[in-house]
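Examining the three-dimensional arrangement
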Amino acid sequence: MSSSELLDMGQEATVTARVPDGEGDRLLLARLRRGEPEAFEVLVREHQDRVYDFCLRMLADREEANDLVQEIFVSVHQNVGKFREDAKLSTWIFRISKNQCINRLKYLKRRGRGRSDEYGEVGEDVLLGAMGAPQTPDAALDSARERARVQWAIGQLEPDARMLVALRDIEGLSYEEIIEITELAEGTVKSRLHRAREKLADLLGRLEE
């Protein structure tokens, strides 16, 4: 089964199946390990939006993020039998996502596709993807620009700092979950996140000068 077929399965899943944490995760894992296609549909549908958002924050490229999401769920599908259930299922998926994003960033850097150095280089796709639904066209443009500024600033951080900002400040994960995902000590997570936030504030402040 191809990566696109795996992802499409989740997009076509019915809206009736929902998977809570705890017991729901255990039941879902049991179904996944029995190879039930419907179980994987539920897994993808429940997690793909957050995984995509995380990848987009890490890579700042919609096409790269979309491709990587497919690879992440292929990896999840292939390795679900190895999951030791030492963390929540969502935490394990984020751990895989984190590793895949770091590897993709290294690959892109080797190919000379690293971070942009100028705010003006923020891609049109990032601007369009950032636009919500404000009340007026002017408000829509202002909102898109502000979100693009934030995305640009996040993109200037080193990958580890970018990851912590995405996990804590955007995805809203607890420190306990972030520690499980990153395998860093709590003090290290908090100190690096503090420095990352200071760097973000400095970058955004420079754009306003």
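Residues numbered from 1 in each chain as written. Predicted model: local features only at pLDDT ≥ 70, side-chain atom pairs only at ≥ 80, totals over all residues. Heavy atoms only, no water.

1. Things to note about helix H9 (residues 175–182)
Among the residues of H9, Tyr 175, Glu 177, Ile 178, Ile 181 and Thr 182 are the ones counted as buried. Summarising the axial view, the buried residues of H9 lie within an arc of 155°, below the 170-degree limit, and thus occupy one face. Summarising the contacts, the buried residues of H9 are in contact with helix H5 (89–110), helix H8 (159–170) and helix H10 (186–208). Once H9 finishes, Glu 183 follows within two positions and takes phi at roughly 60°, a positive value. (Buried < 20%, exposed > 50% of the residue type's maximum accessible area, 1.4 Å probe, protein only. Helix = DSSP H or I, 4+ residues; strand = E, 2+ residues; numbered from the N terminus. Arc of directions from axis to C-beta. Contact = heavy atoms within 4.5 Å.)

2. Comments concerning the pattern of salt bridges
Per the stated rule, a full pass over the model turns up 13 salt bridges. Put simply, Arg 104 and Glu 71 hold a salt bridge, and the shortest N to O gap is 2.8 Å. Taken together, the residues span a long stretch of sequence, with Arg 104 in helix H5 and Glu 71 in helix H4 (residues 62–79) at a distance of 33 residues. By relative accessible area, Glu 71 is classed as partly exposed at 35%. Among the salt bridges present, the one from Arg 197 reaches Asp 169, with a minimum N-O distance of 2.6 Å. Residue Arg 197 is located in helix H10, and its partner Asp 169 is located in helix H8; the two are separated by 28 residues in the primary sequence. Judged by its relative accessible area of 40%, Asp 169 is partly exposed. Among the charged side chains, a network of salt bridges with common partners joins Arg 31, Arg 34 and Glu 36. (Salt bridge = Lys/Arg side-chain N within 4 Å of Asp/Glu carboxyl O.)

3. Here we look at unusual backbone geometry
Even without being a glycine, Ala 60 presents a positive backbone phi close to 55°. Positive phi, normally seen in glycine, also occurs at Glu 183, with a value near 60°. Since its relative accessible area comes to 63%, Glu 183 is described here as exposed.

4. Some points on the environment of Arg 62
Tracing the backbone through its elements, the reader meets Arg 62 in helix H4. Judged by relative accessible area, which is 33%, Arg 62 ranks as partly exposed. The spatial distance from the C-alpha of Arg 62 to the C-alpha of Tyr 52 is 8.8 Å, given a sequence separation of 10 residues.

5. Some thoughts on the confidence of the model for the chain
Averaged over all residues, the pLDDT of the chain equals 80, while 75% of them reach at least 70. Considering each helix and strand of the chain separately, the mean pLDDT is smallest for helix H6 (residues 124–130), with a value of 41, and largest for H9, with 95. Note that residues 1–20 has pLDDT below 50 and, in this model, 37 contacts with residues that lie over four places away or in other chains. Note on residues 116–134: pLDDT is under 50 here. Beyond four places in sequence and across chains, it has 32 contacts. (pLDDT = per-residue confidence, 0-100.)

6. Notes on the packing of helix H3 (residues 37–59) against H4
In the contact formed by H3 and H4, the axes pass within 9 Å of each other and the chain directions differ by 140°. By the angle between their directions, the pair H3 and H4 is classed as oblique. Regarding H3 and H4, the two cross each other, and that crossing is right-handed. In this structure, H3 uses Phe 40, Leu 43, Val 44, His 47, Gln 48, Val 51, Tyr 52, Cys 55, Leu 56 and Leu 59 to contact H4, whose residues at the interface are Arg 62, Glu 64, Ala 65, Asn 66, Leu 68, Val 69, Ile 72, Phe 73, Val 76 and His 77. When its residues are assigned to classes, the contact of H3 with H4 shows 14 nonpolar, four polar and two charged. (Axes fitted to C-alpha atoms, helices over the stretch in contact; angles between N-to-C directions. Parallel < 35°, antiparallel > 145°, perpendicular 65-115°, else oblique. Left-handed = near helix turned anticlockwise from the far one by under 90°. Nonpolar A, V, L, I, M, F, W, Y, C, P; charged D, E, K, R; others polar.)

7. Points about the packing of aromatic side chains
For the structure on display, the rule yields two aromatic pairs. Aromatic side chains Phe 54 and Phe 94 sit 5.7 Å apart centroid to centroid with 85° between the ring planes, which places their arrangement in the edge-to-face category. Here Phe 54, found in helix H3, pairs with Phe 94, found in helix H5; they are 40 residues apart in sequence, far enough to count as distant. Overall, Phe 54 belongs to the buried group, its relative accessible area being 0%. For Phe 94, a relative accessible area of 4% gives the class buried. (Phe/Tyr/Trp six-rings, centres within 6.5 Å; stacked < 30°, edge-to-face > 60°.)

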